[in-house]
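Inside the fold
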Amino acid sequence: MTVHTGQSTAKAAGESARGRGRATGERPGRLRRALSTHWYAWTMVAPVVIVLGVIIGWPLGRGVYLSLTDANERNVGRTIGANHIDATYTFVGLDNYVDVLNDPVFMQRLVWTVVWTVCCVATTFLLGLALANMLNRQFRGRAAYRMMLILPWAVPGFVSVFAWRFLFNRDNGLLNKVLDGGGIAAVPWLDDPTWAKFSVIAVNVWLGVPFMMVALLGGLQSIPGELYEAAEMDGAGPWKRFLYITVPGLRSVSSTVILLSTIWTFNMFPVIFLLTRGGPGDSTEILVTQAFRQAFVESPRDFAGSATWGVLILAVLMVFALVYRRSLRKQGEVW
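Given the structure is predicted, the values throughout are model-derived calculations rather than measurements.

What counts and what doesn't
- Residues numbered from 1 in each chain as written.
- Predicted model: local features only at pLDDT ≥ 70, side-chain atom pairs only at ≥ 80, totals over all residues.
- Heavy atoms only, no water.
- Salt bridge = Lys/Arg side-chain N within 4 Å of Asp/Glu carboxyl O.
- Helix = DSSP H or I, 4+ residues; strand = E, 2+ residues; numbered from the N terminus.
- Buried < 20%, exposed > 50% of the residue type's maximum accessible area, 1.4 Å probe, protein only.
- pLDDT = per-residue confidence, 0-100.
- Contact = heavy atoms within 4.5 Å.

1. What to know about the pattern of salt bridges
Under the criterion given, the structure shown has four salt bridges. Salt-bridge contacts for Asp282 lead to Arg109; the nearest nitrogen and oxygen are separated by 2.9 Å. Of this pair, Asp282 sits in the loop between helix H13 (269–275) and helix H14 (287–296) while Arg109 is found in helix H5 (residues 104–135), placing the two residues 173 residues apart along the sequence. Notably, a salt bridge pairs Arg293 with Glu285, separated by 3.0 Å at the nearest N-O pair. Under the relative-accessibility criterion, Glu285 is labelled buried at 3%.

Written out as structure tokens, the structure is:
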């Protein structure tokens, strides 16, 4: 009995010592454990991460650096023939940001950019949802209708914009020819600030509806049909079935496509630049076209100012994405 007790005591003491050794020993960090466990996956992903870091990280870092300087066309490093002129721009800190934020032009561009984005995204979503609901039903020729509605998505954006520019032409455009045939005076689609804003929104909606429709159609087809059958048997009408089945079933898809569409529309450079070039005057100029204008159109080209506008655009979108994500989490959406 005594021997057994002594052996048990010794065994317990040994286990306690080993436990203390494990407790006081160095445990590998989370990153090391992830690398040791998933080293093959990290190896496969590494080339993509490196390429994206070079393609995105370097221009982003360079832009942030230029926004803190007074770089312009006259003081950047350049080579003329056999002669190389060194850069002479200097570091100015946050002066560019103070100047841009105090400039009333920034607020004007920001307000119109927000209005343009909200109008485009809201109209695109509503039209895409209506068309997706129509195409989710069985009817003759559904495949042909789908092909025609996806066609604007297949055509390159600049081709579509040039086609619309021809349609909006005041003197020879097809739209004004149709109106003239009905005894209606020609509409200055691209020459009047109000009509120009309407025109760029219409073109961007026309380009964005196919993506929204396809995404929402996929979400509709993922909703079980048994839910609609049960609701119909319980006496729910079409409107109630839409509110209590379709809308909740599309919530995850809708949140994603609205976010993506907002980011794309906020930075939609081709439609504005190719259709109106920011005109008439500067009535349709948005933030991204203003940044382009400072870097490539105005003389001398203001690289620091353009980079400042670019960083501010990124900051606005990041704030929007964070607020949007937080609102979704409050609603119970995992994103």
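2. Structural notes on unusual backbone geometry
Cis peptide bonds are those with omega within 30 degrees of zero, and the linkage from Gly279 to Pro280 qualifies with -5 degrees. Going from Ser299 to Pro300, the amide bond is cis rather than trans, its omega being -5 degrees. Positive phi outside glycine occurs at Arg277, with the angle close to 55 degrees.

3. Details of the confidence of the model for the protein chain
Model confidence for the protein chain is summarised by a mean pLDDT of 85, while 90% of its residues fall at 70 or above. Taken element by element, the protein chain is modelled with least confidence in helix H1 (residues 2–24), mean pLDDT 45, and with most confidence in helix H4 (residues 95–102), mean pLDDT 95. Per-residue pLDDT stays below 50 along residues 1–26; that stretch engages in zero contacts with residues further than four places along the chain or on separate chains.

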